[in-house]
Amino acid sequence: MKIRILFITLICFVTHSFAQQNDIMPQSTHYEAPTDPLVKQKLDNWQDKKFGMIIHWGLYAVPGIIESWSICSEDWIERDTTISYDDYKKWYWDFSKQFNPTKFNPEQWAKAGKSAGMKYLVFTTKHHDGFAMFDTKESDFSIAKGPFANNEKADVAKYVFDAFRKEGFMIGAYFSKPDWHSQYYWWQKYATADRNNNYDIRKYPWRWNKFKDFTYNQIGELMHNYGSVDILWLDGGWVRPLETVNAEVLSWGANIPKWSQDIDMPKIATMARKAQPGLIIVDRTVHGPYENYQTPEQKIPETQLDYPWESCMTLGGAWGFVPNDNYKPAAEVIHKLAEIVAKGGSLLLGVGPKPDGTFPEEVITKLNDIGKWTSVNGKAIYNTRITKNYNSNQTWFTQSKDGKKLYAIYCVKSVEKSPNAISWMGNSPKKGTDVILISTGEKVKWKNVNGKTTLQLKGSVNQPALAFEFTPQG
């Protein structure tokens, strides 16, 4: 089995972006703004945060492989052929008998996130494999029912949410709409041909109604039993009303059943918002009233967008923990953060705890390195909004929420020495304006010639990006 684990670990690096093909899509121009004043207020508050952490942690951490997808029978997925597909699924699901994270340390996670400058959390309460990381009463397939059951922190989600709340984070619950372990979704009567439910809902509507009740009840547990929740982040966009399948959905290349996998989002949303007034709901890729912000995955939109969105991206090569992952340099994350915020979005950075319940040391180091920049330059990131002229080569622009201050973030290339002078086109300061290097507070000499602004720095500044504050022209 060790050979198989290694093989799938490698596969997760090569094919992960395809594994999530349902969520990697051209950004839609169809956005329906919420009308509920409480939702609008919370969404505005979320747009102030700009930088969040998404944590994938589940059965897949035990062998250190791609999350859930290896048990899905689709052509792009590779697995060991020396055992049958059914035996493979049993092997995978049996990790529920081994998953015993006795060093579970959500306080470590929250402190690492805070040190990086992150402001909101999205925690995977259940991925597609159906293994719940909370004490659900709807199923015995959860972290609270296995070898970790007698631990005082067996209800994992509770302690994760509590730890991050104490550090001032907005709280988001990731929840997979499909559940490949549920007999109401993948019924053992039939083979599991792909990611979709494996029986004709038109023929067995009672079984799908059971699944709808199961989903409603699990989300209800999360909304009622875990304190204040700000975001319900729903994944698995192929579970949707059939009438919402459009050209964008077809471009994923996945099979589309002839029946509707409608789980009754209006009913879920009404219940969830009664329990959590103002709740932001993110029904990913299902454009409409329950996709309060959009979520491009592992990419940044080419242009600025004027509606709420976030790029969800991994710190390493995988969402969950895999051994010997290759983590991005802090400078790369900072540059992506600057670009995303200038284009109107937020960065949701993905990390995965080890099977023992702790972050890899390299993850903590990377997050601390990112925080060295955000802690002194955050004025140009947090509580900002877009400005019309948002980019000039290596420089990205944001503005204060009241529009009175403009911020310029110059991203230093890895091969570039710390510059003594930088220039950009447009966004010229007013004559007599003080331009401030935010990290030091020093006033920077500047001049403007034919629309080109040039700043003269007194000395080298060893930072991956230089942020400046000034009052714009006009």
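Before reading further, recall that the structure is shown in the block above.
Everything in this summary refers to the structure shown in the same document. Keep in mind it's a predicted model, so treat the numbers as computed, not measured.

1. A short note on helix α6 (residues 205-225)
- For α6, spanning 21 residues, the distance from its first C-alpha to its last is 30 Å, which sits close to the expected 30 Å at 1.5 Å a residue.
- Turning to α6, its buried residues are R207, W208, F211, F214, T215, Q218, I219, G220, E221, L222 and M223.
- Buried positions along α6 lie against β2 (120-126), β3 (170-176), β4 (231-235) and α8 (265-275).
- Positive backbone phi, approximately 75°, marks G227, located one or two places after α6.

2. Digging into the pattern of salt bridges
- This model, assessed by the stated rule, comprises 25 salt bridges.
- Between D230 and K42 there is a salt bridge, with the nearest N and O atoms lying 2.9 Å from each other. Of this pair, D230 sits in the loop between α6 and β4 while K42 sits in helix α2 (residues 37-49), and the two are 188 residues apart along the sequence. Note on accessibility: D230 and K42 belong to one class, buried.
- Its salt-bridge partner being K90, residue D94 comes within 2.8 Å of it at the nearest N-O pair.
- Residue D94 is classed as partly exposed on the basis of its relative accessible area, which comes to 22%.
- Linked by salt bridges that have partners in common, D44, D48, R385 and K401 make up one network.

3. With respect to the packing of helix α4 (residues 106-116) against helix α5 (residues 156-166)
- One can describe the packing of α4 onto α5 by two numbers: an axis separation of 8 Å at closest approach and a directional angle of 35°. The hand of the α4/α5 crossing is right-handed. Residues P106, E107, W109 and A110 of α4 lie in contact with α5, whose contacting residues are Y159, V160, A163 and F164.
- Taken together, the residues of the contact of α4 with α5 sort by class into seven nonpolar, no polar and one charged.

4. Describing the pairing of β4
- Taking burial as the measure, the five residues of β4 include five buried ones, the bulk of the element.
- Burial along β4 is two-sided: I231, W233 and D235 and L232 and L234, pointing in opposite directions, are all buried.
- Crossover handedness for the path β3 to α6 to β4: right-handed.
- The sheet contact formed by β4 and strand β5 (residues 280-283) spans four bridges and is parallel. From the neighbouring strand, I231 faces β5, where its bridge partner is I280.

Thresholds applied
- Residues numbered from 1 in each chain as written.
- Predicted model: local features only at pLDDT ≥ 70, side-chain atom pairs only at ≥ 80, totals over all residues.
- Heavy atoms only, no water.
- Helix = DSSP H or I, 4+ residues; strand = E, 2+ residues; numbered from the N terminus.
- Expected span 1.5 Å × (residues − 1).
- Buried < 20%, exposed > 50% of the residue type's maximum accessible area, 1.4 Å probe, protein only.
- Contact = heavy atoms within 4.5 Å.
- Salt bridge = Lys/Arg side-chain N within 4 Å of Asp/Glu carboxyl O.
- Axes fitted to C-alpha atoms, helices over the stretch in contact; angles between N-to-C directions.
- Left-handed = near helix turned anticlockwise from the far one by under 90°.
- Nonpolar A, V, L, I, M, F, W, Y, C, P; charged D, E, K, R; others polar.
- Right-handed = clockwise from strand over helix to strand, strands pointing away.
- Pairing = 2+ DSSP bridges.

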